[in-house]
Structures are given as structure tokens and as C-alpha cells.
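Residue-level listing of the chains:
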Amino acid sequence: MPLKLFCCDECIPERKNHVYVKEEGEDTTQFLPLSNIETIPGSISERGCSYCGAKLVIGGVIKDCIQMIHGPVGCAYDTWHTKRYPSDNDNFQLKYIWSSDTKEKHIVFGAEKQLKKAITEAFKEFPEIKRMFVYTTCTTALIGDDPKAVCREVEKELGDVDIFVVECPGFAGVSQSKGHHELNIGWMRDKVGTLEPEITSEYTINVIGDYNIQGDSYVLQKYLDKMGIQVIAHFTGNVKYDQLRCMHRAKLNVVNCARSAGYIANELKRVYDIPRMDVDTWGFEYVKVALRKIGAFFGLEDKAEEVIAEEVAKYEGKLAWYKERLKGKQICIWTGGPRLWHWTKALEDDLGMEVVAMSSKFGHQEDFEKVIARGRVGTIYIDDGNELEFFEVLESIHADLILTGPRVGDLVKKLHIPYINGHAYHNGPYMGFEGAVNMARDMYNAIYSPMWNLAGKDPRVVDSPMWNLAGKDP
Ligand code: CFM
């Protein structure tokens, strides 16, 4: 049976439709697990909310604007400083967060005055900053505040500021995916085309769906600089607010994370007729393909080959060293969605690893089509997985390493299975040629750490069935 009901899900049998095991000869026209629908009550979801998708994933990365969260202070606090997207603006965007700090009385009497006060104060405290994102949250959306009206008023009063409002209350969708969508469409509607960029090259692109996690955008920027290509805007790694207003002037949109930012690429195609090119910027072999595709679009094939030759010469040997030690290792990828299909075949081709189980928090049907097409037979593919399912997966397969976030990562560490941060990385960047080597090095260090031998000395662990199932020799 391609669909699988875990024992832990016997009381929520609907979960069966969200778990798929690929069998020989099957393709995605026959089976796809359900995805991008409400979490089934009783399943302890790993998902985030719509506000989080807008703020933490996309908007919060922008390096030169005030991030005003219109809601209770907790929404601001919980998305402050928790993601690793540095910038060359002295990490301004990581240092600060702003909140209108709504309380019970605002719920009763309205919070618009409070928002206006907070916005005015924030601009006063940071006089050099003239740009702002305002996010709505569950509470301020429920009481029917009109933050757009407030912001237009402030823009008029101050004269030299520009404010973008994202209507992304947490409850707006089934996961953070809805917040990505709201921000993409809103930005396109309100801000793209409101400023003209300075054009310095006849080859111009936007890099879409790359958030400079631990410096990813710097790596991509380096390659593109060498090819003589001007990046109008990275959506949104290490980017300025005003660069994003100029996205309409690119001749090509290069899309990495299609899940979080495919929408704006499609809109730029529809409104400005800018072609969309999907690439993988993770994976040694995939990056070659990506650079060749971009080069071919502009007739810069030679430049692409130069960059590839230079980078391959630097990193090929290192990758081979890790491949020798990582081949045959079995791993799980439990992240948001796109990294499943970006990584599974890359890790297989570059390093000879085997991805035996994957779980996506919020991927849509198209993400499952991609990952099942690229993934192995026998691999378990889960939508919106819960912790108990993860434990059950680990009883049924052997895993040498899990790529996941710190929450689940800390759980699997208790089973003495190493984890690598598949969201924010351990020691990135992970994109590009050097990134593929960094990722291999982190996985090698995790699997071969001598710490596991010491940990195996704990008799409580040695006796536990989970330890034996994990297949380690203490
Ligand atoms: Fe795109 Fe991302 Fe991801 Fe994502 Fe995310 Fe992320 Fe992710 Mo964590 S934008 S969908 S909402 S690649 S934060 S940088 S790692 S779950 S697979």
C-alpha cells in the first residue's frame, strides 16, 4: 500500500492520507499524499502561522527597515533574532524588533491610535531609517483595525517615509505558507514599479527565494558578479527595501525557493512579462546546472564555465574527501518543504547518501510531485508530520543523521541520532559549491563525532530499545 497509517495515528486515521511510501514503478500521477490543508485535530503539528511566514521568513530579512508588529508583544518577541539571516548593514535587521504592544483595552476600544503612536515613536528613535513593514496579527485583524489607513496618514504627516502593510494574521491560512503568499502578492501590488533602479549592466536579474541564511546570498552574488550580471534585488536576502521596489526592471527572474516566492515570480511574468527560470542553488552538481542555465539565457556561457571551473577546482577535492566518508549513510530530511526536493537527489548524486524519510511542514501538491519524482523508492514521504510519527519512522528505518530544526533535533539527539540544522544550518552557507562542502563537513562532523561513543556508555541508553533500533554499536 503506498499510503501508510502509523500505529500512533490509529485514533486519527485521516493521517493515513498524508503519508506515502514510494513503490517500484509508481509515479506521481498515481499517488500524492494530501498537503496544504488544515492540520488534523489531535496531530501535534510542527507548522508555523501565516504571520510567521510573512515576517520571519521573508519581510524580516530586509536589512534597512523598521519591522513593526501590530499586535501583542509576544508575536514580535517570538520572531525576533531567531533566524540566521545576516546582512552587510551591520545586521540591523537582527538587532531590533518593534511592536505596537496591544493590550486588552485595545481589543475593546481599537488599537489604531496605539499603532500610530508606535510607528511615530519608532521613526523618531531611528531617524536614519525611512522605511517600514507593518504586520497584522490575529488580534489586530480580529478587532478590525485598518493599519493601511493609519500608515497612509503617517506617510502624509512625515513626508519622507515609505511603509508597507502586510495583512497576515496568524489564522489566515493553514500554515506559514499563507503568509508567504500574502507578502508576495501585496508587495507586487503596492510596491513593485514605484522606483527606478540604476542599471549598471545589460544583464539584469532578480534572485527570488533566497534569504541569505548564514550568507547564502553572498555566495550567489559572488558568482553573478563574476559573470557581469547585475542583481536588481534578492527577494529577500541582504536586500534593501528600495531595491525590492525596482524588481520590474530585471530581464530574468531566477527562482530558488519556489514555495515561498514563486508567486511574485509569476506576477512579474504576468504584469511585466519577465521570464521565470527555476534553479537549484544547493548541491554541487545542481549549481553547475543553475549557472549554465543563467549563462545560456544571456549568451554568457563562457563566463558561466569560467566561474564553474574556478569553483570546481577549489572545492571538488574537498567534496570527494567527504563523499568517501558519507556514501551509503542514511538520512532523513524534515523541514518546510522545498528543501526536500532541492536536497534529496543532490545528496544522493554529490555524496552517495540515501534519503530514507522526508517530512514537509507546509509543502503543496507541487512540492510533493517534485520530491516524489526526485526521491527514492521505499522512502517515506510525510506531510505535516508530528513527533510521534517521527519516532515511529526512526523505529522502522535506520538513520545516521536527521536534517531538521532544533526542536525535533533535540528530540532525536536524545535517541543518540545526530542532527544538522536543516533550516538555519550549523556552519553555513550551504548554497553554491563551497556551501555543498560546508554541508558535507557538518554532516561528517555530526555522524563521526567521538561524542557518540561517550554517550553510548550511559547504561540507561544502551538498554533502551530505541538505541538498539538505531543500529549503533555502543
Ligand atoms: Fe523556502 Fe526557506 Fe524552505 Fe521557507 Fe521555512 Fe526556511 Fe524551510 Mo525553515 S523560505 S520554504 S518557510 S527554503 S524557514 S529559508 S528552512 S521551513 S524548507
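Preceding block: the structure.
In this text, all values refer to a predicted model and were calculated from it rather than measured experimentally. (Residues numbered from 1 in each chain as written. Predicted model: local features only at pLDDT ≥ 70, side-chain atom pairs only at ≥ 80, totals over all residues. Heavy atoms only, no water.)

### With respect to the sheet that holds strand β3 (residues 98-99)
Then, number 1: As summarised here, the arrangement of the four strands in space is β3-β2-β4-β5, forming an open sheet in which the pairing is parallel. Edge positions in the sheet fall to β3 and β5 (162-166), since each of these pairs with one other strand and no more.
Then, number 2: Bridge analysis of strand β4 (residues 131-136) against β5 gives five bridges, and the strand direction is parallel. Counterpart to Met132 in the pairing with β5 is Ile163.
Then, number 3: Packed onto the sheet, helix α1 (residues 50-58) meets β2 (66-70), β4 and β5 and runs at close to 165 degrees relative to β4.
Then, number 4: Along the sheet, helix α8 (residues 177-190) makes contact with β4 and β5, crossing β5 at roughly 145 degrees. (Pairing = 2+ DSSP bridges. Helix = DSSP H or I, 4+ residues; strand = E, 2+ residues; numbered from the N terminus. Contact = heavy atoms within 4.5 Å. Axes fitted to C-alpha atoms, helices over the stretch in contact; angles between N-to-C directions.)

### Overview of the pattern of salt bridges
Then, number 1: Using the criterion set out here, one finds 37 salt bridges in the structure.
Then, number 2: Here Asp242 makes a salt bridge to Arg131, at a shortest N to O gap of 2.8 Å. Taken as a pair, Asp242 in helix α10 (residues 241-244) and Arg131 in strand β4 lie far apart in primary sequence, 111 residues in all.
Then, number 3: Note on Asp242: relative accessible area 23%, which makes it partly exposed.
Then, number 4: Members of the salt-bridge network, linked through shared partners, are Arg131, Asp162, Lys191, Asp242 and Arg245. (Salt bridge = Lys/Arg side-chain N within 4 Å of Asp/Glu carboxyl O. Buried < 20%, exposed > 50% of the residue type's maximum accessible area, 1.4 Å probe, protein only.)

### Observations regarding the sheet that holds strand β6 (residues 204-210)
Then, number 1: Strand order across the open sheet formed by four strands is β7-β6-β8-β9, with parallel pairing between neighbours. Each edge of the open sheet carries a strand with a single partner, namely β7 (230-236) and β9 (276-278). Taken over all neighbouring pairs, the strand axes of this sheet differ in orientation by 25 degrees on average, direction set aside.
Then, number 2: Where helix α11 (residues 258-272) meets the sheet, its contacts fall on β6, β7, β8 (252-255) and β9, and the angle it forms with β6 comes to roughly 150 degrees.

### Some remarks on the site of the ligand
Then, number 1: Taken together, 13 residues form the shell around the ligand, and within it Lys83, His180, Cys257, Arg339 and His423 come nearest.
Then, number 2: Considering only residue class, the shell around the ligand consists of five nonpolar, six polar and two charged. (Near = heavy atom within 4 Å. Nonpolar A, V, L, I, M, F, W, Y, C, P; charged D, E, K, R; others polar.)

### Some details on the pairing of β6
Remark: a regular strand shows side chains that alternate across the two faces of the sheet.
Then, number 1: Within β6, seven of the seven residues are buried, which leaves it mostly tucked inside the rest of the structure.
Then, number 2: Note that the unit made of β6, helix α9 (residues 216-226) and β7 has a crossover that is right-handed. (Right-handed = clockwise from strand over helix to strand, strands pointing away.)

### Observations concerning unusual backbone geometry
Then, number 1: A cis amide bond links Phe235 to the next residue, Thr236, at an omega of 5 degrees.
Then, number 2: Along the chain, Thr236 falls in strand β7.
Then, number 3: At Gln214, a position not held by glycine, the phi torsion is positive, near 45 degrees.
Then, number 4: Following the sequence through the fold, Gln214 ends up in the loop between β6 and α9.
Then, number 5: The buried category is assigned to Gln214, whose relative accessible area is 18%.
Then, number 6: For Asp384, which is not a glycine, the phi torsion comes out positive at approximately 55 degrees.
Then, number 7: In this structure, Asp384 sits in the loop between β12 (380-383) and α16 (387-396).
Then, number 8: A relative accessible area of 3% places Asp384 in the buried class.

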